[in-house]
Amino acid sequence: MNNTLTQLAQVLEDRKQQTADKSYVASLYAKGLDTILKKIGEEATETVIAAKNGDKQQIIYETADLWFHCLVLLAAQGLHPDDVLAELQRRFGLSGLEEKARRTP
Ligand SMILES: N=c1c2ncn([C@@H]3O[C@H](COP(=O)(O)OP(=O)(O)OP(=O)(O)O)[C@@H](O)[C@H]3O)c2ncn1[C@@H]1O[C@H](COP(=O)(O)O)[C@@H](O)[C@H]1O
């Protein structure tokens with residue numbers, strides 16, 4: 001759906017064949033799920049700090065780090081960014097209140 005996300009997803013898929021010493025992404029796969037989740041937590045925190053500091057350029061930078069590590073998580077779990085984009089697209093047809101009601105059992 002989005003060209004940059006699709007291209008990056010392909011690189012992340014290709015890195016599954018790479019060795020950890022030659023690739024940061026391959027090193028994350030090798031370290032495993034907990035390391036990827038820890039990076040997401042760190043990048044989320046850094047994004048929050050950037051926003052609290054009101055630093056727009058830093059917000060962009062940290063959000064890119066956060067999105068990147070979320071994309072690594074998706075790849076590690078056998079998912080593709082299109083899966084998330086499709087979910088967001090589905091929500092376009094609903095108001096926020098309708099989406100909330102859909103989640104309430
Ligand atoms: N978009 C990114 C990208 N964004 C962020 N990062 C890395 O994510 C890490 C962010 O962690 P931190 O901010 O904590 O910085 P750090 O202290 O260096 O991190 P650590 O070494 O402690 O984990 C840094 O090492 C960044 O280099 C990325 N590494 C790779 N990519 C993309 O992934 C592709 C494949 O990368 P390799 O697998 O390294 O070839 C690249 O061509 C890029 O397109």
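None of the values given here were measured: they were computed from a predicted structure.

Looking now at the confidence of the model for the protein. Detailed reading of the predicted model is not advised wherever pLDDT is low. Here the protein shows a mean pLDDT of 95. Residues at 70 or above account for 98%. Across the interface, the model reports ipTM at 0.92; the global pTM reads 0.93.

Right, let's talk about the site of the ligand for a bit. By nearness alone, every residue bordering the ligand is listed as Leu-8, Val-11, Arg-15, Ser-23, Tyr-24, Val-25, Lys-39, Glu-43, Asp-65, Phe-68 and His-69. Taken by itself the ligand offers 820 Å² of open surface, and the protein chains cover 50% of this. Put simply, the parts of the chain that give the shell around the ligand at least two residues each are α1 (3-14), α2 (24-31), α3 (33-52) and α4 (56-76). Split into classes, the residues belonging to the shell around the ligand amount to five nonpolar, two polar and four charged.

Grouped together as the largest cluster of nonpolar side chains are 13 residues, with contacts concentrated most on Leu-12, Val-25, Tyr-29, Ile-36, Phe-68, Leu-71 and Val-72. Counting residues per element, the ones that place at least two in this core are α1, α2, α3 and α4. If one sorts the elements of this core by residue count, α4 sits on top with six residues.

Moving on to the packing of aromatic side chains. Per the stated rule, a full pass over the model turns up one aromatic pair. Relative to Phe-68, the ring of Tyr-24 has its centre 6.4 Å away and its plane inclined at 25°; by these criteria the two rings are stacked. One end of the pair, Tyr-24, is in helix α2; the other, Phe-68, is in helix α4, and 44 residues separate them in sequence. For Tyr-24, a relative accessible area of 42% corresponds to the partly exposed category.

Mapping Glu-99 onto the fold places it in helix α6 (residues 96-103). With sequence-adjacent residues up to four places away left out, Glu-99 is seen in contact with Arg-90, Arg-91 and Leu-94.

With that settled, the discussion passes to the environment of Leu-73. Residue position: Leu-73 is located in helix α4. Residue contacts for Leu-73: discarding those within four places in its chain leaves Leu-33, Ile-36, Leu-37 and Ile-40.

About the thresholds
Residues numbered from 1 in each chain as written. Predicted model: local features only at pLDDT ≥ 70, side-chain atom pairs only at ≥ 80, totals over all residues. Heavy atoms only, no water. pLDDT = per-residue confidence, 0-100. Near = heavy atom within 4 Å. Areas by Shrake-Rupley, 256 points an atom, 1.4 Å probe, with all protein chains shown as cover. Helix = DSSP H or I, 4+ residues; strand = E, 2+ residues; numbered from the N terminus. Nonpolar A, V, L, I, M, F, W, Y, C, P; charged D, E, K, R; others polar. Core = buried A, V, L, I, M, F, W, Y, C linked by side-chain atoms within 4.5 Å. Buried < 20%, exposed > 50% of the residue type's maximum accessible area, 1.4 Å probe, protein only. Phe/Tyr/Trp six-rings, centres within 6.5 Å; stacked < 30°, edge-to-face > 60°. Contact = heavy atoms within 4.5 Å.

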